[in-house]
Amino acid sequence: MAGSGLDVTSSASVKTSARSKAPVFVLGCGRSGTTLLYHMLLSSGNFAIYRTESNAINLLEPRFGDLSIGWNRRRLMKAWYKSRLFSLSGLEKEPLEARLEAECQNGGDFLRIIMEEMARQQGVERWAECTPEHLLHLKRIKETIPNALIVHIIRDARDVTLSMDKGFWIRPLPWDMEKRLLVTGLYWEWIVQKGREFGKTIPADYTEVHFEQLVQHPKETLARLGEFIDHDLDYDRIQKVGIGSVSEPNTSFETGKSFNPVGRWKDKFPAEQLKKFEALIGPTLEELGYPLATKDSGMAANSELKRMRRVYRNYFDSKLFLKSRTPLGRLLVTRDLQWV
């Protein structure tokens, strides 16, 4: 019996150790604070420093196809070497190529290998990743990187929408150009729900962090997150190291002494559009703990809003399917790669 007890203790120790070195994916709808939280992890220590988004699963794997085929793998490597993704890694080609040729069978392998090589070169034990759109590819991530831990950061859709609209991130259909804010809100709801739906299938490896809690109560929020990823997220150390957005806010708005990224929508969101916006995605906002500022007044039953919801959810689903599962998708992701 004593021997059995020792075996159990040993197994628990190995499991804890494995989690403390597992890769962490910080994901969420764009402009939700993924970069800030990612930089907080990097500032905490023992994570490989890589200040960019890898786009490995959402763009690279669909663009170059089956990476178990040598020709596809070598085309990917050739393109990657010419990009800033490689120059920012600080890696050398020869040792990296040897591992990729020996081990890389898919996009998850590619990402794991380059990040492990960066960690080895930098003398740290784990790595993290922050491509927001990877939230739509959680199934593929867990298939190819089984020990991945998923941190889904969620921010009030009204603040996200205003921020995304400044960069014209979401392009409505031509006849809806005047309804950009509404379309962006529908995109936020769609991608957040996609992430949460898959998260329910991996409860031990998935958690959610609210941007507002991270900004307003950083010590407590980081302490809870640290328990989830089994890592010391000491807020004082994070502030002292201050990588990237930790010391320089990544914002589309002007900053100053009174800079506060929470609740800016209250002064900036057009009142008439806010009513329609909350009628469209109000239930999801409330489910996530964000109180509504307007009363429905029957607007949710508006036929035009119902049409928009139906059309754009189908549009986002179809675009995702085309990009990730069809040959036509290679054209779409090739266009997107031009921005990487």
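Our subject is the structure listed above.
Within each chain, residue numbers correspond to sequence positions counted from 1 in written order. Where local features are concerned, this predicted model is filtered to residues with pLDDT of at least 70; where side-chain atom pairs are given and counted, the filter is 80 or more; whole-chain, interface and lining totals use all residues. Values reported for side chains reflect all heavy atoms of the structure, with hydrogen atoms and water molecules removed beforehand.

Caption draft 1: Broad picture of the pattern of salt bridges. Any carboxyl oxygen of Asp or Glu that lies within 4 Å of a side-chain nitrogen of Lys or Arg is treated as forming a salt bridge with it. Taken as a whole, this structure holds 28 salt bridges when the rule is applied. Of the charged contacts, one joins Asp205 and Arg19 as a salt bridge, the two residues approaching to 3.3 Å between their closest N and O atoms. Placement of Asp205 in the loop between α10 (180–199) and β4 (206–210) and of Arg19 in helix α1 (residues 2–20) is noted, with a sequence separation of 186 residues between them. Each residue is placed in one exposure class: buried if its accessible area under a 1.4 Å probe, protein chains only, is under 20% of its type's maximum, exposed if it is over 50%, and partly exposed if it falls in between. What makes Arg19 partly exposed here is its relative accessible area of 25%. Among the salt bridges present, the one from Arg307 reaches Asp176, with a minimum N-O distance of 3.4 Å. Within this pair, whereas Arg307 is found in helix α16 (residues 303–325), its partner Asp176 is found in the loop between α9 (157–166) and α10, the two being separated by 131 residues in sequence. Look at Asp176 and you get buried, because its relative accessible area is 1%. The way it works is that DSSP assigns letters per residue, a run of H or I at least four long becomes a helix, a run of E at least two long becomes a strand, and they are numbered from the N terminus.

Caption draft 2: How the structure looks around the packing of aromatic side chains. Here is the rule: rings of Phe, Tyr and Trp (six-membered ring for Trp) pair when centre to centre is within 6.5 Å. Planes less than 30 degrees apart are stacked, more than 60 are edge-to-face, and the remainder are tilted. All told, the structure shown has 12 aromatic pairs when counted by the stated rule. Each ring, one from Trp80 and one from Tyr81, has its centre 6.1 Å from the other, and the planes form 55°; the classification is tilted. Tyr81 shares its class with Trp80; the two are buried. Measuring from centroid to centroid gives 5.8 Å for Tyr187 and Trp190, while their planes differ by 45°, and the two rings are tilted. With a gap of 3 residues between them, Tyr187 and Trp190 both fall in helix α10, about one helical turn apart. Neither Tyr187 nor Trp190 differs from the other in exposure class; each is buried. Three or more aromatic residues link up through ring pairs in this structure, and these residues are Tyr187, Trp190, Tyr312, Tyr315 and Phe316. Cation placement over rings: the criterion is NZ of Lys or CZ of Arg within 6 Å of the ring centroid and within 35° of the ring normal. In this structure, Arg158 is placed above the aromatic ring of Trp265, and the distance from its NZ or CZ to the ring centre is 3.9 Å.

Caption draft 3: Quick peek at the nonpolar core. Nine residue types can take part in a nonpolar core, namely buried Ala, Val, Leu, Ile, Met, Phe, Trp, Tyr and Cys, and a core is a set of them joined through side-chain atoms within 4.5 Å. Ranked by internal contacts, the top residues of the largest apolar core, which has 95 residues, are Trp80, Trp188 and Ile229. The contact criterion used throughout is that any non-hydrogen atoms of two residues lie within 4.5 Å. If we skip the residues at most four places from it in the chain, Ile229 touches Arg19, Ser20, Val24, Leu41, Phe47, Arg126, Leu149 and Val151.

Caption draft 4: Broad picture of helix α15 (residues 271–287). Helix span, expected: 1.5 Å multiplied by one less than the number of residues in the helix. Taking 1.5 Å per residue, 17 residues should reach 24 Å; α15 reaches 22 Å between its end C-alpha atoms and fits that length. Where α15 bends most, at Ile281, the angle is about 70°, and the proline Pro283 comes one to four residues later. If you check which residues of α15 are buried, you get Leu274, Phe277, Glu278, Ala279, Leu280, Ile281, Gly282, Thr284 and Leu285. In this analysis the local bend is the angle between axes fitted, respectively, to the seven residues ending at and the seven residues starting at the residue.

Caption draft 5: Here's a closer look at the side chain of Lys323. Residue placement: Lys323 occurs in helix α16. Looking at Lys323, the relative accessible area reads 12%, which means it is buried. Within the structure, Lys323 has its side chain in polar contact with the side chain of Glu133 (distance 3.5 Å). Under this definition, polar contacts are N or O atom pairs within 3.5 Å; protein pairs additionally need one hydrogen-donor-capable and one acceptor-capable atom, and for neighbouring residues in sequence, both atoms have to be side-chain atoms.

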